[in-house]
There are 2 protein chains.
Amino acid sequence: MNIVLLSGGSGKRLWPLSNEIRSKQFIKLFKKDSGGYESMVQRVYRQIREADAQATVTIATSKTQVSAIRNQLAEDVGISIEPCRRDTFPAIALATAYLADVEKLGKDEVVIVCPVDPYVDHTYFEALKRLEELAGRGEANLVLMGIEPTYPSEKYGYIIPQTSGETSLVKTFKEKPDAATAERYIREGALWNGGVFAYKLGYVLKKAHELLDFADYRDLYAKYETLKKISFDYAVVEKEPRIQVMRFAGQWKDLGTWNTLTEEMSEPTIGQALQNDTCKGVSIINELNLPVLCMGVKNLIVAASPEGILVSDKEQSSYIKPYVDRLNPGVKFAEKSWGNFEILDEEEESLTIKVTLNPGHAMNYHSHEHRDEVWTVLSGTGRALVDGAEQKIHAGDVVRMPAGSRHRVAADTELTLIEVQTGQINVHDKRKYDNV
Amino acid sequence: MNIVLLSGGSGKRLWPLSNEIRSKQFIKLFKKDSGGYESMVQRVYRQIREADAQATVTIATSKTQVSAIRNQLAEDVGISIEPCRRDTFPAIALATAYLADVEKLGKDEVVIVCPVDPYVDHTYFEALKRLEELAGRGEANLVLMGIEPTYPSEKYGYIIPQTSGETSLVKTFKEKPDAATAERYIREGALWNGGVFAYKLGYVLKKAHELLDFADYRDLYAKYETLKKISFDYAVVEKEPRIQVMRFAGQWKDLGTWNTLTEEMSEPTIGQALQNDTCKGVSIINELNLPVLCMGVKNLIVAASPEGILVSDKEQSSYIKPYVDRLNPGVKFAEKSWGNFEILDEEEESLTIKVTLNPGHAMNYHSHEHRDEVWTVLSGTGRALVDGAEQKIHAGDVVRMPAGSRHRVAADTELTLIEVQTGQINVHDKRKYDNV
């Protein structure tokens, strides 16, 4: 299978565990059989590999997520990077051009597009194989997955099929309805549009060339910022007469809110937490290095990260977005391609950060104009490069980087260090240099 | 007035804001008119000074609280330090000997003893003056404050007066009763015993010499560990025939649990916090540098400190103690005589601490056998002394202290620094030296 996973969203709905640079699909919430936890993107990638070890997986995403993807997934995953957000049609066009020009797929190969975040089991991946097969037959230009509704949701668009067979041509599409209309649609045999579909590569490439002026993948990438925002539904689906839909009745859940997400957690707590026996229906997800104690509370979500603490009634949790906007918390931690960092302390003219570098990884060579930095190594071994001079470092070593000095650190083993910044702190005060 | 404030307790009931070394009386929860917050001990000390600017105030407390008291109160407060806990009779005997031998009070001077933690207003201090006056007359050897009960509490001992006058001789004392018995006592005119009483210094000193074998304050201090644990009630009160009680009907509240404490908070939140409009009866006390968001919750306490996060139904919060014992959290922050510290990060072989020194203060000169330490200055100015060599320090400076080196830092202005410890971390690995 050739699968394009659309990975979007800034994920304020799952604050404080998601933030501007960590979307919900990167939060490690699902217990692995092997121990530890995996994120949505790790879970779906593992599931694809289990269904088809040979699958070509490409993540279509924005620049901001690339570090997190490189951190969480295997090295061989393809990434089609959107230089900026331009809605789904340009994104799918870019990913398709990437598959044609970088991955060298032929025009008759089938591509399956699906969002990265639904919570599904193996039946979903079996259905994707069937979707691929249907698209390969060429009876239609697009084959959509139609999900059997489990309740009259107002969150999804609906697909009205011509017949009630396992596959059918599509009669029409309906926008997100109110609950009463949704009930009527369902009585008439409508299916949820989960944004899962398959096509032959040449079809979307042709559509892309019709609507966008570009030569190849590199060219499209270069002019991406100049493209108009337009959805794939509007640009392609609504104008295409030959669309099939394939029914899917297996597990498919959109874990977009704390309420739906905690339903799929296999344990009531993740991280350091204790509940007394008068608690009921309490889910605790604690990423801080301090314990959470809950007493006498019911139907509650407690989520804690370096960015904040949420204490919410489960139902109320779906209304979180405007409050997170009001809090406007800064980014306090992030996963990067080379490891991760966490801000431990923030004062007006200083910043203290714990930095973890993965073995074999290094930061970019860079300098700052208006701040001094000091690294004190906590554990591991590596090499620090300051103004061209390299030194080996290990626990207890100190590296001083006065303002203006070029510096970089590379990890031989997993390397943790405390970085203290003093002076005028500004994220934009960073000049990068070619690695030496 | 000569006031002895008994300051005890390890304060697990107000976890995570109280801990083994910060008792509840040191938590800054009460809004000051001048802005900012004050603790119970700061509040009562300020109230005493307002009632009597000339009062001699002595805090009777254990070693572990001395740093916090020095940090929170004026320099001139007297401290009678109990080398270890030996219940109230040895503590009051020691404090009385301290007043006689260190503060040079005469035998006829009246001493008022009261706990440090009740929440009271100015009427209480007016009553203390009246208590002093009554004790000075010498009609009785002890004059107790009898607090008019506001409900049939099972938490207090009761005093049964002979008459219902403003002052009366005491008929008898009753142990903490059940609620039904308490109701009966109250119908019979009983008063709460809040542990507030006055006596002439010579009286308790005589009792002390009768029961304990010691020469003077220094001698009693030196042999304190050999004393038997015995309460003042058992050793003195129950055996004394001439005891008066004085009624007090003013404000007197024991803020021993989150539930009672939050009732006296003048605002629903302290620290970074946001509640949506579906919250009701929610109190948030947040000492962390990250926001708390509450949504759709009712009658809840959320308390957060570097030691942990409590989310509790208000009523349930009084049952907290066994759960805190189970969590067994380490001490993550403390107020010291020279300033304060907070542990930012803890790994197996490293510890990262933010240290704040008050202007004009210094740590003791000390060394560690098995760990290296590095200071990086965040702000302020001061002087670091390492193996006899002194250097001036300011923001961005780094001081390295390899294992074995003697070191100390003194603050000229408020000085904040990050201390990174690497090696074998053990609180007992500390050798102190005389300051040079």
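In the block above lies the structure referred to throughout.
Numbers given to residues run from 1 along each chain, matching the order in which its sequence is written. Chains and ligands are labelled sequentially in the order written, the chains with letters from A and the ligands with numbers from 1. Residue-level local features of this predicted model are given only where pLDDT is at least 70; pairs of side-chain atoms are given and counted only at 80 or more, and the full residue set underlies all totals for whole chains, interfaces and linings. Excluded from the side-chain calculations are hydrogens and water; all other atoms, namely the structure's heavy atoms, are used.

### Examining the environment of Thr260(A)
Residues and elements named next belong to chain A.
For step 1, the next point in the chain: A helix here means a DSSP run of H or I that spans at least four residues, while a strand means a run of E at least two residues long, and both kinds are numbered starting from the N terminus. Mapped onto the elements of the fold, Thr-260 is located in helix 9 (residues 258-263).
For step 2, the next point in the chain: Residue classification places Thr-260 among the buried positions, given a relative accessible area of 18%.
For step 3, the next point in the chain: Thr-260 sits 57 residues away from Ser-317 along the chain, and the two C-alpha atoms are 9.8 Å apart.
For step 4, the next point in the chain: Every residue pair with non-hydrogen atoms within 4.5 Å of one another is taken to be in contact. Among all residues touching Thr-260, those that are not within four sequence positions of it are Lys-253, Asp-254 and Leu-255. For every residue, the accessible area (1.4 Å probe, protein chains only) is compared with the maximum for its type, and the residue is labelled buried under 20%, exposed over 50%, or partly exposed between those bounds.

### Things to note about the relation of the copies chain B and chain A
For step 1, the next point in the chain: Copies overlap after least-squares fitting; the atoms used are the C-alpha atoms of residues with pLDDT of at least 70 in both. You can overlay chain B on chain A at an RMSD of 0.1 Å; the transform is a turn of 180° with a shift of 0.0 Å along its axis. Here the copies are linked by what is in effect a two-fold axis. Considering only C-alpha atoms, the residue of chain B closest to the rotation axis is Leu344(B), which sits at 3.1 Å.
For step 2, the next point in the chain: Taken together, the interface assignments show that 100% of the residues at the interface of chain B recur at the interface of chain A, consistent with an identical surface on both copies.

### Remarks on the interface of chain B and chain A
For step 1, the next point in the chain: With 54 residues of chain B at the interface, the matching set in chain A holds 54 residues.
For step 2, the next point in the chain: Approximately 4,400 Å² of surface area, both sides summed, lies buried where chain B meets chain A, with 66% of it carried by carbon and sulfur atoms.
For step 3, the next point in the chain: Considering only the side of chain B, the residues that lose the most area to chain A are Leu293(B), Met295(B) and Ile309(B), jointly responsible for 16% of the buried surface there.
For step 4, the next point in the chain: The term salt bridge refers to a pairing of a side-chain nitrogen on Lys or Arg with a carboxyl oxygen on Asp or Glu at a separation within 4 Å. Across the contact surface, chain B and chain A share four salt bridges.
For step 5, the next point in the chain: In this structure, the salt-bridge partner of Lys354(B) is Glu347(A), at a minimum N-O distance of 2.4 Å.
For step 6, the next point in the chain: The biggest single contributor to the side of chain B that touches chain A is strand 19 (residues 308-313) of chain B, with six residues.
For step 7, the next point in the chain: Gly is put with the polar residues, along with every residue not named as nonpolar or charged; the nonpolar set is Ala, Val, Leu, Ile, Met, Phe, Trp, Tyr, Cys and Pro, and the charged set is Asp, Glu, Lys and Arg. Per-class residue counts for the side of chain B that touches chain A are 30 nonpolar, 13 polar and 11 charged.
For step 8, the next point in the chain: Only when DSSP finds a minimum of two bridges between them are two strands counted as paired. Of the pairings in the sheet, the one linking strand 17 (residues 292-295) of chain A to strand 19 of chain B comprises four bridges and is parallel in character. When the sheet's bridge partners are listed, Leu293(A) is paired in strand 19 of chain B with Leu310(B). Throughout, buried area stands for the accessible area (probe radius 1.4 Å) lost by two parts on being put together, summed over both.

### Quick look at the packing of helix 3 (residues 88-101) of chain B against helix 6 (residues 201-211) of chain B
Residue and element names in this part refer to chain B.
For step 1, the next point in the chain: Orientation is described by axes fitted as lines to C-alpha atoms, over the contacting stretch for helices, and by angles from 0 to 180 degrees between their N-to-C directions. In the contact formed by helix 3 and helix 6, the axes pass within 9 Å of each other and the chain directions differ by 125°. Put simply, helix 3 runs oblique to helix 6. Judged by the twist between their axes, the crossing of helix 3 over helix 6 is left-handed. Contact residues: Phe-89, Ile-92, Ala-93, Thr-96, Ala-97, Leu-99 and Ala-100 in helix 3; Leu-201, Val-204, Leu-205, Lys-207, Ala-208 and Leu-211 in helix 6.
For step 2, the next point in the chain: Across the contact of helix 3 with helix 6, the residue classes tally to 11 nonpolar, one polar and one charged. Every angle not falling under 35 degrees, over 145, or within 65 to 115 is termed oblique; those three ranges are roughly parallel, roughly antiparallel and roughly perpendicular. In a left-handed crossing the near helix is turned counterclockwise from the far helix by less than a right angle, and in a right-handed crossing that turn is clockwise.

These values are about where atoms sit, not about what they do.
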